[in-house]
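Next come the chains, spelled out residue by residue.
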Amino acid sequence: MSHTMKMYVYNNSGHTLEGYNVDHAWNDKTQTAHGENLPYQKLSPPTECITGYGPEKDWYTISVNIDSIGHKSTDFYCNSSHDHKCVEISVHDEYVNCNYYKEDTPEGHSPDTSCKHKHYR
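Below is a short write-up of the structure. (Residues numbered from 1 in each chain as written. Predicted model: local features only at pLDDT ≥ 70, side-chain atom pairs only at ≥ 80, totals over all residues. Heavy atoms only, no water.)

## Side note on the pattern of salt bridges
Reasoning step 1: One pass over the full model with this rule turns up 4 salt bridges.
Reasoning step 2: Across the pair Arg 121 and Asp 75 runs a salt bridge whose closest N-O atoms are separated by 3.6 Å. Taken together, the residues span a long stretch of sequence, with Arg 121 in the segment after strand 9 (113-119) and Asp 75 in strand 6 (residues 70-78) at a distance of 46 residues.
Reasoning step 3: Looking at Asp 75, the relative accessible area reads 32%, which means it is partly exposed.
Reasoning step 4: In this structure, Lys 102 and Asp 83 form a salt bridge, with 3.4 Å as the shortest nitrogen-oxygen distance. One end of the pair, Lys 102, is in the loop between strand 8 (95-101) and strand 9; the other, Asp 83, is in the loop between strand 6 and strand 7 (86-91), with 19 residues separating them in the sequence.
Reasoning step 5: Classification of Lys 102 as partly exposed rests on a relative accessible area of 38%.
Reasoning step 6: A residue is classified by how much of its surface remains accessible, and Asp 83, at 28% relative accessible area, is partly exposed.
Reasoning step 7: In the salt-bridge network here, residues are joined through shared partners; they are Asp 83, Lys 102 and Asp 112. (Salt bridge = Lys/Arg side-chain N within 4 Å of Asp/Glu carboxyl O. Helix = DSSP H or I, 4+ residues; strand = E, 2+ residues; numbered from the N terminus. Buried < 20%, exposed > 50% of the residue type's maximum accessible area, 1.4 Å probe, protein only.)

Below, the structure written as structure tokens:
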């Protein structure tokens, strides 16, 4: 069973994200959030993605260019549920956190579930 979820990128790196590209894939459906010059502690505009629950998991492929640090990338899976309305990809200097929320936006809310410390390759 699939549903639509909003995907946000949050810059928690301490530096400007000169560029970011986040692919979300689920059950052969892929959507991409991308942008430039995302300041520290700022949230990107949302990108709608299709997700679901069951045996399929959300697969993320992340590529960022962090000012003063350079290019970083990783990929990982994390599992959402039918009641998650948004996901926040929180970019840090050495790793990425994937936070799922039951609300439409992560702002002012605590994550329902998370996949933490997904280190760059």
